[in-house]
Amino acid sequence: NPDFRHILKQLPPRSIDQGIDSINSVVETNLARRLGDGKLSYYENAYILHTTPILLISTSISTAAFPKLTARLAQGRSDLFRTEFLQVLRAIIWITLPISVVAYFARGYFARLIFTNSAPEIALVFGYFAAAIFFRSVYAMLSRWFYAQKDTVTPLVISLLVIALNIVLAFKLSQPDAYGIVGLAIAQSIVAAVEVIILMFV
């Protein structure tokens, strides 16, 4: 079946793209452990806080919109595909932008509410994740543009580039004489912004 063969060709790049983030996690975990006791816990808890709105809002919305977008392309209506894609993207931007702002200014409250121990340290790291919340949310929808077009290679190539950038930035910014554990969150936010800019340009 030609369609089944086409899916098999798309599967390896998508699978690699899904799993490649594990390299990031391993590097960041090792860097956080070297910074001393408790640093890894601060970073992981702040990372969980920043991931929650991304999964609950942008990933859910973009996943729900994806079947309709692919149906538009199957109908040969690329004009409707573009219009509806932009509508969903604008909705995600208008929802997540205020969430990112609230997450930054209320970071201490969220950290104390969820994590009673080490709340100030977690809040400090979480504050630098606020920008990543916005850009990761936008990425969740932008990536669907390529997947709807049956292009799984472009997101993979861009992911490889930004992961390499993240590793370099994480290593430099997390040095004790630089930003320490906060440097890992700064690197994540910078890389999230760069990835979105590249995808929009492409």
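The model shown is predicted, which means the values in this text are computed figures rather than measured ones. (Residues numbered from 1 in each chain as written. Predicted model: local features only at pLDDT ≥ 70, side-chain atom pairs only at ≥ 80, totals over all residues. Heavy atoms only, no water.)

Enquirer: How would you summarise the nonpolar core if you had to cite specific residues and measurements?
Expert: Most often, soluble globular proteins keep nonpolar side chains buried together rather than apart. In terms of nonpolar packing, the biggest core is built from 49 residues, with V125, F129 and M141 touching the most fellow members. Counting only elements with at least two residues in this core, the list comes to α2 (21-34), α3 (39-74), α4 (78-105), α6 (119-127), α7 (130-148), α8 (153-173) and α9 (182-201). Among the elements that make up this core, the one with the highest residue count is α7 (10 residues). Residues contacting F129, with those up to four places away along its chain left out, are Y43, A46, Y47, H50, A185, Q188 and S189. (Core = buried A, V, L, I, M, F, W, Y, C linked by side-chain atoms within 4.5 Å. Buried < 20%, exposed > 50% of the residue type's maximum accessible area, 1.4 Å probe, protein only. Helix = DSSP H or I, 4+ residues; strand = E, 2+ residues; numbered from the N terminus. Contact = heavy atoms within 4.5 Å.)

Enquirer: Any details on a nonpolar patch on the surface? Residues and values, ideally.
Expert: Side chains of F4, L8 and L11 sit close together on the surface and give an oily, nonpolar patch of about 300 Å² of accessible area. Tracing the sequence through the fold places L8 in helix α1 (residues 2-19). (Patch = residues over 30% accessible without salt bridge, like charges linked within 9 Å, V, L, I, M, F, W, Y side chains within 5 Å. Areas by Shrake-Rupley, 256 points an atom, 1.4 Å probe, with all protein chains shown as cover. Salt bridge = Lys/Arg side-chain N within 4 Å of Asp/Glu carboxyl O.)

Enquirer: Could you give an account of unusual backbone geometry, naming the residues involved and the relevant values?
Expert: Of note, K150 is a non-glycine position whose phi angle comes to about 60 degrees, a positive value. Mapping K150 onto the fold places it in the loop between α7 and α8.

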